[in-house]
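Listed below, chain by chain, are the residues.
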Amino acid sequence: MTLVKTKIGRRSFIRTSALAGGGMMVGFSWLASCKMTPEEVNSLPKEWFDINGFLKIGDNGLVTIMSPNPEIGQNVKTAMPMIVADELDVDWKNVIVEQAPLNLDVFQRQLAGGSQSIRAGWEGLRMAGATARKMLRQAAAKAWEVPLEEVTTSNGTLYHKASNKSAGYGEMASAAVGVASPNDPPENIEVPEEVELKDINDFTIIGTDRLNVDGPKIVTGKPLFGIDVQEEGMLTAMIVHPEAFGQTFKSMDAESIKSMPGIIDVFPVDVYPEGVEKQWSDGGGIPQLVAIVGESTWQCMQAKKALKVEWESPSNLESTESYEDDLAKLLDAPAKEPARSDGDFNKAIKGAAKVIERTYSAPFLAHNTMEPMNFFANVTADKAEVKGPIQTPEFLEKTLSSVLGLPIDKIDVGMTRMGGGFGRRLYGHFGVEAAVISKKVQAPIKLVYTREDDMTQGTYRPAYKVRFKAGLDKDNNLIAWSVKGVGTNDDLVFENRFPAGAVDNYLAEKTSLQTKITTGAWRAPRSNFMAGAEQSFMDEVAELAGKDPIEFRLELFDRAIKDPVGPPEKNDYDPERYAGVLKLVKEKANWDGLDNGKARGVSAYYCHNSYVAQVLDLTMDGNKPMVEKVVCAVDCGIVINPISAKNQIEGGIIDGIGHATYSQMTFENGVPQQQNFDSYHLIRNSEAPKQIESYFVDNGIDPTGLGEPSLPPVIGALANAMYKATGKRVYNQPFILEKEIVG
Amino acid sequence: MAAFSLKINGTQHEINVDPTTPMLWVLRDHLHMVGTKYGCGIAQCGACTIHLGDNAVRSCQLPVSSVGDQEITTIEGLSENGDHPVQKAWLEVDVPQCGYCQAGQIMTASALLKKNPNPSDTEIENAMNGNICRCGTYTRIRKAIKMAANTNQNS
């Protein structure tokens, strides 16, 4: 049991909820169109009591827990309420989960990104549950006139053992508020200054498998996503953006489509007019567009095809070929200040018995969320209501305030479930576009991108190149390691990650190339390329040293544990936890014993505060890798919801294998060459691993991220296994070019 | 514009639309049945899969004028209470991540099992290859299909 100071507003106490009544329970009016079954209606409480912003208790004991963060498929909508429910001590089957509104007075960091929702939310969520539990105990102590310490709870019921009294949470909340006269000031059950958090060994919900709270709606096709929003009088809007990155609007023949059926308006849009205060989340998007507004999606699509727009081209439109050259030149050019330098790399490499140098590259990638960008907006003279799929609602609200000239409290940003995020919906320009279009046509609109709009518009994973160089002494000890990374609008290298701290002479350099093509965070930014390159190189160095690849890595971790190079606090990884996942995967994959005729590769990486090691088995079908099995060991501290955590791991593995093997976005004169899924190869069912096994290190450490960490290392494990199968190393992603697929 | 009478999930619907309108948009925009999803518009991703008779088809490439009197089933009508063996298996295996593609996956899987109640691993993969899951739930999709097939066999 841990005592913690509560940080919840003191003005909070148990009170009748303003949202009392069954029908109001669902937050969005468009959801009210889902019919509830009679059982569902009958089981609803007649009255709800607010305990704090995180939860409401119904008079019948049902509990509504708000999930504060945006849901992009990482399943925080199940995991975050699980944490609250465990500390509250209620039966999970009596919990209803609702998406919280954007409210930074109550919730912290309502953002989906960096695999941080659980890590950053952990303490606040536990406290919300524990505070509510203590307040209910206080109410019981008062009602029963017994000492607080003697009031215990179990599964949503309060007990006083000595007097044999008990009451359900709902019953006690009713009593505390005084249901008979709800308008009277409630008996104040003040927020306690201090609450007890559970001992982690007493968790009953955390660490157990709980099914996705939106599962039943997903499998029956209920409206959940931004693209499903339907509002009275709502029109459809679509955009036309320049064909090439770098182009700007010149002119259009609007009249040619204005007479088409259902078309209401067509006009150029300047998304961020001069003087607008932009947020970091406004980095993506193409600011000059043409908007088409019509009655239905199909009518807008037809008009979009027919519209002729002329764009102004700059003289220097960019192509993949020119990036390749420019990045290669940048890699060869002397770097400025190193990002980190330990010992004397150049001297050590000169004296090394064996030296190896390798260069790796990766292309731009589109995010390709299955739900294309979209947003609903209804902007009037004095307020704006917007809702849709957004990973950064707080920042969208701020930008809208500046763009629309409205105060923050006149802007209502609603969060819908998202059909994928992967970083794409950090950049909320589509929400701004929707608002600007709605304001112009003075009507509620839903902006919907076509797949082509979505894929050809950015904000892409940057293109990268990295060069590693390593030196071994005559006893095959690693004595020198350098890494130099370049990327488009991104400098790639994490200088304090492994093997920094484990090699006497270490040099890290990085630089970036500015491009017109918009780039941004893509699931596990930088790590999504660095891990694969670094772990492939590590494999080659181990081979050069004549050592087993796992033993070679473990020796380095051992060095970082016992005698770290440089100040240990500088290294942003814990070598013991790193070695821990490697040892676990070695055991679970039977690394030493198994000879199953499959080619095996190993990899380990640290990112987003979590540690992952993988062993991958494959066979080749022509030049296509057919992954038979991936064994994955993860240290992300306490696992909230294992069934769902494993789903994240499996997804990351399949995502990593798919993109590294098949996917790329190329450009010719600024024009994206892949525009839809016929030319952009996303991994398909038959190309995914046959089997994935996941194991967690059980160490009771506070939880860390899991939405991203399983993706980066698998690319290294795949490359290393491909080498075992073919005898050839792969250095450039995608590993197979579409035109070269055999088998 | 032209008038069409469509039988969808056992109910007759009368609509008046451009005959070239794909069923996807008839369902989503005109009938407000939004369970069928837009993903690519060119029959490459499978998010819009519905049943035309017993066949899984991509509704983004199915003009309303070509439907005639063939019966349409969408995710909303696959079962009355969300208890089709495929839906139940999907929940038990906890397949979805973002969930956007899953209606299409379920419609393809249920059409497969209707024709082939006990598909092999390869038959499952081949049938499901037209449905992209960007979150990478493919291993769970296969597991759920096998579970649903076993339920069918045992019932």
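Residues numbered from 1 in each chain as written. Chains lettered and ligands numbered in written order. Predicted model: local features only at pLDDT ≥ 70, side-chain atom pairs only at ≥ 80, totals over all residues. Heavy atoms only, no water.

For chain B, an unreviewed UniProt entry supplies the name (2Fe-2S)-binding protein and the organism Maribacter flavus.

Labelled according to an unreviewed UniProt entry, chain A appears under the name Xanthine dehydrogenase family protein molybdopterin-binding subunit, originating from Maribacter aurantiacus.

A. Seen up close, the packing of helix α13 (residues 527-544) of chain A against helix α14 (residues 549-562) of chain A. Residues and elements named next belong to chain A. As a packed pair, α13 and α14 sit with axes 9 Å apart at the nearest point and diverge in direction by 100°. As the angle between them shows, α13 and α14 are arranged roughly perpendicular. Within the contact between the two elements, α13 uses Gln-535, Met-538, Asp-539, Val-541 and Ala-542 and α14 uses Pro-549, Phe-552, Arg-553 and Leu-556. Broken down by class, the residue content of the contact of α13 with α14 amounts to six nonpolar, one polar and two charged. (Axes fitted to C-alpha atoms, helices over the stretch in contact; angles between N-to-C directions. Helix = DSSP H or I, 4+ residues; strand = E, 2+ residues; numbered from the N terminus. Parallel < 35°, antiparallel > 145°, perpendicular 65-115°, else oblique. Contact = heavy atoms within 4.5 Å. Nonpolar A, V, L, I, M, F, W, Y, C, P; charged D, E, K, R; others polar.)

B. Unusual backbone geometry, seen in detail. All names here are of chain A. Backbone torsion omega between Gly-458 and Thr-459 reads 0°, so that peptide bond is classified as cis. Within the secondary structure, Thr-459 sits in the loop between α12 (451-455) and β22 (464-472). Geometrically, the link from Gln-733 to Pro-734 is a cis peptide bond, its omega value of -5° lying close to zero. Counting through the fold element by element, Pro-734 comes out in the segment after α17 (711-726). Its identity as a non-glycine residue notwithstanding, Glu-145 has a phi of 55°, on the positive side. Among the structural elements, Glu-145 can be located in the loop between α3 (117-144) and β7 (151-154).

C. Representation of a negative patch on the surface in the model. All names here are of chain A. Among the surface-exposed residues, Glu-321, Asp-325, Asp-326 and Glu-668 lie close enough to one another that they form a single negatively charged patch. If you tally residues by element for the negative patch, the top one is helix α8 (residues 320-332), at three residues. Note that Glu-321 resides in helix α8. (Patch = residues over 30% accessible without salt bridge, like charges linked within 9 Å, V, L, I, M, F, W, Y side chains within 5 Å. Areas by Shrake-Rupley, 256 points an atom, 1.4 Å probe, with all protein chains shown as cover. Salt bridge = Lys/Arg side-chain N within 4 Å of Asp/Glu carboxyl O. Lys, Arg positive; Asp, Glu negative; His and termini not counted. Charge placed at Lys NZ, Arg CZ, Asp CG, Glu CD.)

D. Layout of the sheet that holds strand β26 (residues 610-621) of chain A. Residues and elements named next belong to chain A. In spatial order, the strands read β25-β26-β27-β30; together these four strands make up an open sheet with mixed pairing. Two strands close off the open sheet at either side, each with one partner strand: β25 (599-607) and β30 (691-696). Between one strand axis and the next, the sheet turns by 20° as a mean value, whatever way the strands run. Relative to β30, strand β27 (residues 624-635) runs parallel, the two being bridged by six bridges. Residue pairing across strands places Ala-633 opposite Tyr-695, the latter belonging to β30. Across the sheet, helix α16 (residues 642-662) lies against β26, β27 and β30, angled at about 140° from β27, the strand it touches most. (Pairing = 2+ DSSP bridges.)

E. The interface of chain A and chain B, seen in detail. Taken together, the contact pairs 59 residues of chain A with 51 residues of chain B. Both sides of the chain A and chain B interface together cover about 4,600 Å² of buried area, and 55% of this is carbon and sulfur. Per-residue buried area on chain A facing chain B is highest for Val-219, Met-370 and Asn-685 of chain A; these three make up 17% of the total on that side. Between chain A and chain B we count five salt bridges in total. Here Arg-28 of chain B ties to Asp-228 of chain A by a salt bridge, and the two come within 3.1 Å at their closest N and O atoms. Between chain A and chain B we count 31 residue pairs in polar contact (both at pLDDT 80 or more) in total. Looking at the side of chain A that touches chain B, the elements that each hand over two or more residues are α5 (215-220), α7 (297-306), α12 and α16 of chain A. With 10 residues, α16 of chain A is the single largest residue contributor to the side of chain A that touches chain B. Of the residues assigned to the side of chain A that touches chain B, the class counts are 24 nonpolar, 23 polar and 12 charged. (Buried area = accessible area lost by both parts, 1.4 Å probe. Polar contact = N/O pair within 3.5 Å; in protein donor to acceptor, adjacent residues only side chain to side chain.)

F. Molecular detail of the state of the cysteines. One pass over the structure, following the stated rule, counts zero disulfides over all chains. No disulfide involves Cys-632 of chain A; its sulfur sits 9.9 Å from that of Cys-636 of chain A, the nearest cysteine. Counting only cysteine sulfurs, Cys-133 of chain B is the nearest neighbor of Cys-101 of chain B, a cysteine outside any disulfide, at a range of 3.9 Å. A relative accessible area of 4% places Cys-101 of chain B in the buried class. (Disulfide = S-S within 2.5 Å. Buried < 20%, exposed > 50% of the residue type's maximum accessible area, 1.4 Å probe, protein only.)

G. Just the pattern of salt bridges, in detail. Residues and elements named next belong to chain A. For the coordinates displayed, the defined rule picks out 51 salt bridges over all chains. A salt bridge links Asp-214 to Arg-417, with the shortest nitrogen-to-oxygen separation between them at 2.9 Å. Residue Asp-214 is found in the loop between β10 (194-197) and α5, and its partner Arg-417 is found in the loop between β20 (411-415) and α11 (429-441); the two are separated by 203 residues along the sequence. Both residues of the pair, Asp-214 and Arg-417, count as buried. Linked by salt bridges that have partners in common, Asp-332, Glu-357, Arg-467 and Lys-469 make up one network.

H. Local environment of the side chain of Thr-21 of chain B. Relative to the helices and strands, Thr-21 of chain B is located in the loop between β2 (11-17) and α1 (23-30). Once residues lying within four places of it in the same chain are set aside, the contact partners of Thr-21 of chain B are Trp-298 of chain A together with Val-26, Leu-62, Pro-63 and Val-64 of chain B.

I. Geometry of the sheet that holds strand β18 (residues 374-379) of chain A. Residue and element names in this part refer to chain A. Taken in spatial order, the seven strands make up an open sheet running β13-β14-β11-β21-β18-β19-β20, and their pairing is mixed. Either end of the sheet is taken by a strand with one partner, and the two such strands are β13 (263-270) and β20. The mean inter-strand angle of the sheet, taken between neighbouring strand axes irrespective of direction, is 20°. Seen against the sheet, helix α10 (residues 393-404) touches β18, β19 (384-388) and β20 and runs at an angle of roughly 150° to β20. In this fold α11 packs onto β11 (235-240), β13, β14 (288-294), β18, β19 and β21 (445-448), with an angle of close to 35° to the strand it touches most, β18.

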